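# Fold and contact review
This is what each chain is made of:
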Amino acid sequence: MHGAGGGTFFTHSKKSLRTVGMQRAARSFVVITPRCEWTWRDKPSDWILELIQAFKALEWIDYGRIYLTGCSMGGMGVWELGARRPDLFAAISPVAAHHQRERTHWLAQRLLSTPVYAFHDDHDGTCPIAPEKVLWQLLQESGHQNFCSLVTTGVDHCKVHEQAYCNSEDLYNWFLEHRSPA
């Protein structure tokens, strides 16, 4: 899911499409990039979950391998939608995300058995990492067995997605290690 600036990463630039990561995504995944109509202050709409459910019914979709990722506001959507329907996703990856602080404990409780790979920069001025680290720590202290993170240093908020989606195949390989129980 995209950030407050809108748009899909596949039309972000021709250069990003030529990266090893985006090539892997295009080659190995069915990618849905919905246009989100909420703002970063809101909770994401349920129609995203309904859209995923509709795709899940297609015979060429591996419904045990449905993953959710998004950057910035889209990362907030990942936390929220992943927690709302942990049964739907094999794994999630919030990138340069934020969440509503009052929902920290609820998110951690709901995502306890969902594999999470979080990306963030330690100097992100748009979505500060400190509140995210509180959620990450709560997940780990609650016994989360499959949480990992990649924290960069000095990467602009609007460029962290390149670390997650473009510069390597690591996230895609990590996704493919996870499958929802049948």
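Here goes a summary of the coordinates provided. Computed from a predicted model, the values in this text were never measured in an experiment.

## A word on the overall build of the protein chain
A tally of regular secondary structure across the protein chain gives 8 helices and 4 strands. Secondary structure elements of the protein chain occur, N-terminal to C-terminal, as α-α-α-β-α-β-α-β-α-β-α-α. In the protein chain, which comprises 182 residues, the share counted as buried stands at 49%. Counting only contacts in the protein chain whose residues sit at least 6 apart along the sequence, the fraction spanning at least 24 positions is 73%. Carbon and sulfur atoms make up 51% of the accessible area of the protein chain, which amounts to about 9,300 Å² in all.

## What about the packing of aromatic side chains?
Tallied over the entire structure, the rule returns 7 aromatic pairs. With a centroid separation of 6.1 Å and an interplanar angle of 70 degrees, the aromatic rings of F29 and Y67 are classed as edge-to-face. Here F29 is found in the loop between helix 2 (20-28) and helix 3 (47-56), whereas its partner Y67 is found in strand 1 (residues 67-71), with 38 residues between them in sequence. Relative accessible area serves as the criterion here: at 16%, Y67 is assigned to the buried category. Aromatic side chains W174 and F175 sit 5.7 Å apart centroid to centroid with 50 degrees between the ring planes, which places their arrangement in the tilted category. Exposure remark for W174: the relative accessible area of 8% places this residue in the buried category. One aromatic cluster is present, formed by F29, Y67, Y117, F119, Y172, W174 and F175 through successive ring pairs.

## Some thoughts on the sheet that holds strand 4 (residues 147-152)
Here we have 4 strands laid out as an open sheet, ordered 1-2-3-4, and parallel in their pairing. Strands with a single pairing partner mark the edges of an open sheet, and in this sheet they are strand 1 and strand 4. Between one strand axis and the next, the sheet turns by 10 degrees as a mean value, whatever way the strands run. Strand direction decides the pairing type here: strand 1 and strand 2 (residues 91-95), joined by 5 bridges, are parallel. Along strand 2, the bridge assignment pairs T69 with S93. Here helix 4 (residues 73-84) sits on the sheet in contact with strand 1, strand 2 and strand 3 (116-121), set at roughly 150 degrees to strand 1. Running at roughly 155 degrees to strand 4, helix 6 (residues 129-141) makes contact with strand 3 and strand 4 of the sheet.

## Concerning the side chain of S93
Note on placement: S93 falls in strand 2. On the basis of relative accessibility, which here comes to 0%, the residue S93 falls in the buried class. In contact with S93, not counting residues within four places along its chain, are L68, T69, G70, V78, Y117, F119, Y165, L171 and F175.

## What about the nonpolar core?
Counting 24 residues, the largest nonpolar core has W79, F89, I92 and L139 as the members making the most contacts within it. Elements with a contribution of two residues or more to this core: helix 3, helix 4, helix 5 (104-110), strand 3 and helix 6. Looking at this core, the element that brings in the most residues is helix 6, giving 5 residues. In this view, I92 contacts L68, V78, W79, G82, L111, T114, P115, V116, Y117, W174 and F175; residues no more than four positions away in its chain are not counted. Judged by nonpolar contacts, the second largest core, of 20 residues, contains V95, V160, Y165 and C166.

## Quick look at the side chain of D124
Relative to the helices and strands, D124 is located in the loop between strand 3 and helix 6. The charged side chain of D124 is buried without a salt bridge, its nearest counter-charge being R101 at 12 Å. Of note is the side chain of D124, whose polar atom sits 2.9 Å from the backbone nitrogen of C127. For D124, the side chain forms a polar contact with the side chain of H157, separated by 2.6 Å.

About the thresholds
- Residues numbered from 1 in each chain as written.
- Predicted model: local features only at pLDDT ≥ 70, side-chain atom pairs only at ≥ 80, totals over all residues.
- Heavy atoms only, no water.
- Helix = DSSP H or I, 4+ residues; strand = E, 2+ residues; numbered from the N terminus.
- Buried < 20%, exposed > 50% of the residue type's maximum accessible area, 1.4 Å probe, protein only.
- Contact = heavy atoms within 4.5 Å.
- Areas by Shrake-Rupley, 256 points an atom, 1.4 Å probe, with all protein chains shown as cover.
- Phe/Tyr/Trp six-rings, centres within 6.5 Å; stacked < 30°, edge-to-face > 60°.
- Pairing = 2+ DSSP bridges.
- Axes fitted to C-alpha atoms, helices over the stretch in contact; angles between N-to-C directions.
- Core = buried A, V, L, I, M, F, W, Y, C linked by side-chain atoms within 4.5 Å.
- Lys, Arg positive; Asp, Glu negative; His and termini not counted.
- Salt bridge = Lys/Arg side-chain N within 4 Å of Asp/Glu carboxyl O.
- Polar contact = N/O pair within 3.5 Å; in protein donor to acceptor, adjacent residues only side chain to side chain.

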